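Inside the fold
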Amino acid sequence: MITLESRSLRLELDESSGAVRRVTDRKNNLCLAESSSSEAFVLELEENEFTSGYKAFSWRESCGVLELKWELEDDLEVHAQVKVEQEGFSFTASAQGGPDKRLHSLEYPLIDGIRSISGENDFVAHPFATGFLVKNPMESFPEEGSGFRYMPYPEGFSGATMQFFTYYAEGGPGLYFAAYDGECHQKWLNFYKHNGCLRASQIFGYEDVAPGKAVSTQWSFVMQSIMGDWYEACDRYREWALKQKWCSRGKVKDREDKPVWLLEETGAATFGINGMHDRSKWLKKYRQAVGAPIFHVTGPDWSRVPQTYGYGIPGGYEDWFPTCFSKENLETCREQGDHFAPFEFDFLIAPDKGDSENIRKNLQKWPAKPKSCDKYQFNMLCPICGYTHDLHVERDRRVVKESGADAMYYDISANNILKTCMDPSHGHPVGAGKEMSEAYRKIYRDTRDALSQDNGKYVPLGTEMINEIFQDVLDFYQARAFAQPCTSFESWPYRPLTHANRAWIIPMFHYVYSEYAPQRLDGWGKIVAEGGDLIYHTIAKTYLWGALFEINSEYSPMEVIDEEGENSSDEHYCKLVSRGFRFDEDIAAYLAKFAALRVGEYGKFLAYGRMLRPCEMECRSIYRTYFHYNQGEGASEQNSRGVILRESVIVQPYSLDGETAVFIANTTAFREKVRFEKPLIPNAKTYRVCRDYPAGKGSEEQVDAAQLLELELEPYQLMVVHAACE
């Protein structure tokens, strides 16, 4: 065996193959991984042609640095380096062929044979869909290749939103994996079932697929020992991440250019309300019920050639104009102090409509078999092409000029897309991963600058989903995962695990980047009782995890609010099934509490504060009902209903400028008891408490810290505990 030892881990590799044989936690004398496999790497030669074979292997070790070399047929070589670090090891690797060889990707390292640590209380946390936690992955991942397999980065819909993941036992040891790459290179961060155990790996490549070009890492992939849970892993990653260029604009609260109206003055959001048809009565109803300004992301049906869901979309510049926004909707937004952004498919485009010749020349060419759970069956413009950049900037300048929009929103955009283009005619290398990411960043920067200059004020941009590398060029994003299981989309591959209460969305992204991240819109909600009482839990979780709750009108009719009933398919951008569900005042009243919180004095913690680890607590969990009917025609999740176990009370602290606020929400119609293991704010002796927000605004009381170790909350009570740290 080749043996390397850090302070916390022992790594053993086979001296005849270089494959990882064993990983041992030295402090606990616990074997975390053990494998008899001789597979040390997986090299992709021609597209989807893989090999792990070699004809010769050699190695040398000096001063904690291990050099590995595999010689393959046809003058191919794979090189790797393993360095000992304080808490573990770092890996780099490359593959090089002869002048005629085209190499696509390399999977290295392969940490095989990862075994159960404690059984049922093992967890893997991955930044898929901004954060996903799976219990006992050895059993939850049912078959070969299942799990977080082919997780592309940078990709927010079907891949990794950040560059780390962790596997650990509750209260015990575990492993932390991270790629410390600050330059946006394309990679895949994987943790999946393999040969009856678990495998952690990194794939990299598709940057320059040309004869004679090497595939290599210009960053370190680390494996370290960890004691703790996913919060501990986030804290470790955060130390590195906040130093990267996507945090170079500084904290959101300190930026001169930021959408104050969105961050401080907006209580809720809507998404998908028809753009060209009069929906003013719903806009007025929402505003009256929420009791605070609302941010509306319109439906796509405002362009000259309609943007629809499945029935066609525009092509080139002339297909978009003149815009067809409803005058009544625009006037209503202005009258009641709301703001809006047009929904736009900015890179998704029709190649058989206007300017088809130019569009076809500039389309992104996908790999034959993308390494992703997504098939990417879209016609997308390649962002590196000058045509794409100019269309994006000039089109949006005119959209804002004609409509008076406050912001722009882009669907199926940079965060949904594999950063690979295989077309050699665009002037970029085949693959072009990093170049594609940088091109997206430039398009967003240039568009935002042009719109802000044209309008004499800051015009924010938002996208569907998020990835860390785009957070400095975007201001908001739309997501749906916080509503699981009453939604699908970015979390759909793990829906069965979510139903079985073996997987949960967790706020990994917000925990790492809360002071720097764009504003999230989430919740995917309908204000109807027929959707089930899970909605109360979803509303509370959405706000306490930093987002604005989104009333969604994409795939189902809007709520019935008068004798005229619902909006119909005749005035929509996809087929609607009539429901006849009435607007529910009780749900709206609960939403209004959190909207008031967001625009009130404590809203600054949610908008700008640092999300803290929640206090350990005991509370009751109860089964919540749900009915998921807001989904596209033919979707497997459509009309699914059931019950799911969720905690009755949600508690979330934030810190800001030396102060801490703890938000406590009862999400049930019952009195609920909560007991905390430690003081809510450890460094404060007394708290300022608003026991029932917003009803108790202005009548806060001073309370000794020890008095709040046990609480009894009234139905649907929202409580705020605030203190300056001493």
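Look up: the structure comes first, before these words.
Figured I'd write up the structure that's included with this text. (Residues numbered from 1 in each chain as written. Predicted model: local features only at pLDDT ≥ 70, side-chain atom pairs only at ≥ 80, totals over all residues. Heavy atoms only, no water.)

Quick look at the overall build of the protein now. Helix and strand counts for the protein stand at 13 helices and 42 strands. Taking 27 Å as the expected radius of gyration for a compact globule of 726 residues, we find that the protein reaches 26 Å, a close match to that expectation. Its C-alpha atoms give the protein principal-axis dimensions of about 80 × 70 × 45 Å. The buried share of the protein, taken over its 726 residues, is 63%. Restricting to contacts in the protein with at least 6 residues of sequence separation, those with at least 24 account for 71%. A total accessible area of about 25300 Å² is found for the protein, and carbon and sulfur atoms account for 46% of it. Between the averaged position of the 80 positive side-chain charges in the protein and that of its 108 negative side-chain charges there is a distance of 2 Å. (Helix = DSSP H or I, 4+ residues; strand = E, 2+ residues; numbered from the N terminus. Rg over C-alpha atoms; globule rule 2.2 N^0.38 Å. Buried < 20%, exposed > 50% of the residue type's maximum accessible area, 1.4 Å probe, protein only. Contact = heavy atoms within 4.5 Å. Areas by Shrake-Rupley, 256 points an atom, 1.4 Å probe, with all protein chains shown as cover. Lys, Arg positive; Asp, Glu negative; His and termini not counted. Charge placed at Lys NZ, Arg CZ, Asp CG, Glu CD.)

Attention now moves to the packing of helix 4 (residues 280-290) against helix 5 (residues 327-335). Two elements in contact, helix 4 and helix 5, have axes whose closest approach is 9 Å; the angle formed by their N-to-C orientations is 20°. The orientation of helix 4 with respect to helix 5, classified from their angle, is roughly parallel. As helix 4 runs across helix 5, the sense of the crossing is right-handed. Here helix 4 contributes Ser280, Leu283 and Lys284 to the contact with helix 5, which in turn contributes Glu328, Asn329, Thr332 and Cys333. Looking at the contact of helix 4 with helix 5 residue by residue, the classes come out as two nonpolar, three polar and two charged. (Axes fitted to C-alpha atoms, helices over the stretch in contact; angles between N-to-C directions. Parallel < 35°, antiparallel > 145°, perpendicular 65-115°, else oblique. Left-handed = near helix turned anticlockwise from the far one by under 90°. Nonpolar A, V, L, I, M, F, W, Y, C, P; charged D, E, K, R; others polar.)

The three strands lie next to each other as 33-38-41, forming an open sheet whose pairing is antiparallel. At either margin of the open sheet sits one strand with a lone partner, and together these are strand 33 (617-618) and strand 41 (710-713). Summarising the sheet, strand 38 (residues 672-676) and strand 41 pair through four bridges and their orientation is antiparallel. Looking at the pairing, Arg675 lines up with Glu710 of strand 41. (Pairing = 2+ DSSP bridges.)

Glancing now at the packing of helix 11 (residues 534-544) against helix 12 (residues 585-599). At their nearest, the axes of helix 11 and helix 12 sit 10 Å apart, and the two run at 10° to each other. Viewed along their axes, helix 11 and helix 12 adopt a mutual orientation that is roughly parallel. Between helix 11, through Ile535, Tyr536, Ile539, Ala540, Tyr543 and Leu544, and helix 12, the contact on the second element is made entirely by Asp586, Ile587, Tyr590, Leu591, Phe594, Ala595 and Arg598. Grouping the amino acids of the contact of helix 11 with helix 12 by side-chain chemistry returns eleven nonpolar, no polar and two charged.

Mapped onto the fold, Asp374 is located in the loop between helix 6 (356-361) and helix 7 (386-403). Salt bridges are absent for the buried Asp374, whose nearest opposite-charge side chain, Lys375, sits at 8.1 Å. A polar atom in the side chain of Asp374 sits 3.1 Å from the backbone nitrogen of Tyr376. (Salt bridge = Lys/Arg side-chain N within 4 Å of Asp/Glu carboxyl O. Polar contact = N/O pair within 3.5 Å; in protein donor to acceptor, adjacent residues only side chain to side chain.)

Further remarks concern unusual backbone geometry. With an omega of 0°, the peptide bond between Phe321 and Pro322 qualifies as cis. In this structure, Pro322 sits in the loop between strand 23 (294-298) and helix 5. With an omega of 0°, the peptide bond running from Tyr693 to Pro694 counts as cis. Looking at the element boundaries, Pro694 is found in the loop between strand 39 (686-690) and strand 40 (701-704). Here Asp74, not a glycine, exhibits a phi torsion of approximately 60°, which is positive. Structurally, the position occupied by Asp74 is in the loop between strand 8 (65-71) and strand 9 (77-84). The phi dihedral of Ile412 is positive, around 45°, even though this residue is not glycine.

The next subject is the pairing of strand 16 (residues 164-169). Counting buried positions along strand 16 yields six of six residues, so the element is predominantly enclosed. Residue alternation in strand 16 divides its side chains into two sets, Phe164, Thr166 and Tyr168 and Phe165, Tyr167 and Ala169, and both sets are buried. Pairing of strand 12 (residues 122-126) with strand 16 involves four bridges; the strand directions are antiparallel. Residue Ala125 lies in a different strand from strand 16, and its bridge partner there is Thr166. By the bridge criterion, five bridges tie strand 16 to strand 17 (residues 173-180) in an arrangement that is antiparallel. Across the sheet, the residue bridging to Phe164 is Ala178, located in strand 17. Taking the residues that link successive antiparallel strands as the turn, the strand 16-strand 17 hairpin has three residues, and the phi of Gly171 there is positive, at about 75°.

Take helix 12 next. In an α-helix, one full turn covers 3.6 residues, which means residues spaced three or four apart are oriented alike. Counted at 1.5 Å a residue, the expected span for helix 12 with its 15 residues is 21 Å, and the 21 Å between its end C-alpha atoms agrees. Those residues of helix 12 lying buried are Ile587, Ala588, Tyr590, Leu591, Ala592, Lys593, Phe594, Ala595, Leu597 and Arg598. Sitting at the head of helix 12, Asp584 places a side-chain oxygen 3.0 Å from the backbone nitrogen of Asp586. (Expected span 1.5 Å × (residues − 1).)

The strand order across the open sheet formed by six strands is 32-36-37-42-39-40, and the pairing between neighbours is antiparallel. Here the strands that pair on one side only, and so sit at the sheet edges, are strand 32 (610-611) and strand 40. Here strand 39 pairs with strand 40 via four bridges, running antiparallel. If you follow Arg688 over to strand 40, its bridge partner there is Gln702.

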